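# Architecture and fold: a report
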Amino acid sequence: MSISFEGYHGTSLKSAKEILKSNFELSIGDVEWLGNGVYFFINGISSKPEEQAEKWAVAQSWDKNLQNYRYNNYCVLKSKIIIEENKFLDLTHEDGLEILEYLVVKFENKIKKIGKKLEYLDGFIINLAREEGIFEIDAIKGNFYIKFADERIKRINLRTNNCTICTVYKPIDNLEEITVLKTGKIKNETF
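Along each chain, residue indices are assigned from 1 in the same order as the chain's sequence is written. Per-residue local features are limited, in this predicted model, to residues with pLDDT of at least 70; the limit for side-chain atom pairs, both in listing and counting, is 80 or more; totals at the level of whole chains, interfaces and linings are taken over all residues. Working from all heavy atoms in the structure, the side-chain values ignore hydrogens and water.

Here we come to the overall build of the protein. When you go through the protein residue by residue, the secondary structure sums to seven helices and nine strands. For the protein, the C-alpha radius of gyration of 17 Å lies close to 16 Å, the compact-globule estimate for 191 residues. Principal-axis analysis of the C-alpha atoms gives the protein an extent of 45 × 40 × 30 Å. Classification of residues uses two cut-offs on accessible area relative to the type maximum, computed with a 1.4 Å probe and protein chains only: under 20% is buried, over 50% is exposed, and between them is partly exposed. For the protein, the proportion of its 191 residues judged to be buried stands at 46%. Summarising the internal contacts of the protein: among those between residues at least 6 apart in sequence, 75% fall at separations of at least 24. In this description, accessible areas are obtained by the Shrake-Rupley approach with a 1.4 Å probe, and a residue is regarded as covered only by the protein chains that are shown. Surface summary for the protein: the accessible area is close to 11,300 Å², and the carbon and sulfur share equals 47%. Charge-centre separation for the protein: the mean point of 27 positive side chains lies 8 Å from the mean point of 29 negative side chains. In DSSP terms, a helix is any run of H or I states spanning at least four residues, a strand is any run of E spanning at least two, and both are numbered starting from the N terminus. Every radius of gyration here is taken over C-alpha atoms, with the globule rule written as 2.2 Å times N^0.38, N being the number of residues. Note on contacts: a residue pair is in contact if any heavy atoms of the two residues lie within 4.5 Å. When charges are counted, Lys and Arg contribute as positive and Asp and Glu as negative, whereas His and the chain ends are disregarded. Lysine's charge is taken at NZ, arginine's at CZ, aspartate's at CG and glutamate's at CD.

Our next topic: unusual backbone geometry. Of note, the phi angle at Asn23 is positive, near 80°, even though the residue is not glycine. Topologically, Asn23 is positioned in the loop between helix H1 (13-22) and strand S2 (38-42). Despite not being glycine, Glu177 has its phi angle at roughly 55°, a positive value. On the secondary structure map, Glu177 appears in strand S9 (residues 175-185).

A 1.4 Å probe that fits into a set of points on a 1 Å grid over the protein atoms alone but cannot get out defines a cavity; an open set with protein on both sides within 12 Å along at least five of seven lines defines a pocket, and lining residues are those with an atom within 4 Å of a point. Grid points are joined across faces, edges and corners, and a volume is the space filled by probe spheres set on the points. Quantified by volume, the largest pocket comes out at close to 1,100 Å³. Around the largest pocket, the lining comprises 33 residues; the ones closest to its centre are Trp33, Tyr120, Tyr145, Lys147 and Asn157. Residues are grouped as follows: Ala, Val, Leu, Ile, Met, Phe, Trp, Tyr, Cys and Pro are nonpolar; Asp, Glu, Lys and Arg are charged; all remaining types, including Gly, are polar. Taken together, the residues that form the lining of the largest pocket break down as 16 nonpolar, seven polar and ten charged. Empty space within the second largest pocket amounts to approximately 660 Å³. If you trace the second largest pocket, you find 24 residues lining it, with His9, Gly10, Thr11, Ser27 and Trp56 closest to the centre. Among the secondary structure elements, those contributing two or more residues to the lining of the second largest pocket are strand S1 (2-12), H1, S2 and helix H2 (49-60). Split by residue class, the lining of the second largest pocket holds eleven nonpolar, nine polar and four charged.

Basic side-chain nitrogens of Lys or Arg form a salt bridge, by our definition, when they fall within 4 Å of a carboxyl oxygen of Asp or Glu. Enumeration according to the criterion identifies ten salt bridges in this entry. Glu54 is paired through a salt bridge with Lys182; the nearest N and O atoms lie 3.0 Å apart. Note that Glu54 is positioned in helix H2 and Lys182 in strand S9, a separation of 128 residues in sequence. Note that Asp63 and Arg70 form a salt bridge whose closest N and O atoms lie 3.9 Å from each other. It is possible to trace a salt-bridge network through shared partners that takes in Lys87, Glu136, Asp138 and Lys170.

Note on ring pairs: Phe, Tyr and Trp rings are taken, using the six-membered ring of Trp, and paired if centres are within 6.5 Å. Classes follow the plane angle, with under 30 degrees stacked, over 60 edge-to-face and the rest tilted. Evaluated as defined, the whole model comprises eight aromatic pairs. Taken together, a centroid distance of 4.9 Å and an interplanar angle of 75° make the contact between Trp62 and Tyr69 edge-to-face. Given the relative accessible area of 11%, Trp62 is considered buried. Grouping aromatic residues by their ring pairs yields a cluster made of Trp33, Tyr39, Phe41, Trp56, Phe144 and Phe148. Here, over-ring charges are defined by two tests on the NZ atom of lysine or the CZ atom of arginine: distance to the ring centre within 6 Å, and angle to the ring normal within 35 degrees. Note that Arg130 overlies the ring of Tyr169, its terminal NZ or CZ placed 3.9 Å from the centroid.

Before going further, it helps to examine the packing of helix H3 (residues 94-106) against helix H5 (residues 122-131). In the contact formed by H3 and H5, the axes pass within 10 Å of each other and the chain directions differ by 80°. When the axis of H3 is compared with that of H5, the two are roughly perpendicular. Here Leu100, Leu103 and Val104 of H3 come into contact with H5, specifically with Asp122, Ile125, Ile126 and Ala129. When its residues are assigned to classes, the contact of H3 with H5 shows six nonpolar, no polar and one charged. For helices, the axis comes from a line fit to the C-alpha atoms of the stretch in contact; other axes are also lines fit to C-alpha atoms, and the angle between any two N-to-C directions lies between 0 and 180 degrees. In what follows, roughly perpendicular refers to angles from 65 to 115 degrees, roughly parallel to angles under 35, roughly antiparallel to angles over 145, and oblique to any angle outside these ranges.

In short, the description is geometric, and any link to function would need to be established separately.
Following this line, the structure appears as C-alpha cells:
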C-alpha cells in the first residue's frame, strides 16, 4: 500500500529550471538532517509548508562567508510524494523513533569512532543503515527547528521544532507532478 502527500521545495530559480528539466539531485552527506535525499517541507507541525519553502529559499540565498547573495530569484516547487508504506520512516511517531534508537545501539561502535566530528548523528546513522542494507527506506519524515532569514538576522535560536521535513531518497521513483508554485525576487536584507 502506498501513501502520498504534497511536498514543497524552495530553491533558486535557476536550480528550479534544472530540476524541471532533469529532476532533483540528492543532497549528499552525513551532515544532512535525514541522510541523503531531496528535502521538502510538508504538512505537520506547520500547516503552511509552502511558505516555509519560500522562506528557506530566501534564507539560503545569502552566502554568509562572502556576505553576498548567491542568487536573486527564488522558486518554490510543489511535488506529489508517493511512497510505499513499508519504505517510509516516520520520525514524528514513536514507532519511527524506536527504529532510530535501535540503529543508534546497533552502530554504537561506529558512532564512537567518528567522535565529535559530527554535531548531529541522524543523517550519519540513516546513511549507514542504507549502506549496510539494514532497511530500504525511500522517504523519512521528521520535525525540526529551521532558522529562516528572520531568525538568522535577529539571531534567534530555539530548540522548539517549527516545521516538518521529508527527504526522498529516490526522486525518480517517488515524485510526481513537479510544478512551479511560486517565484519571487530576493529583497535586500542583512544577514
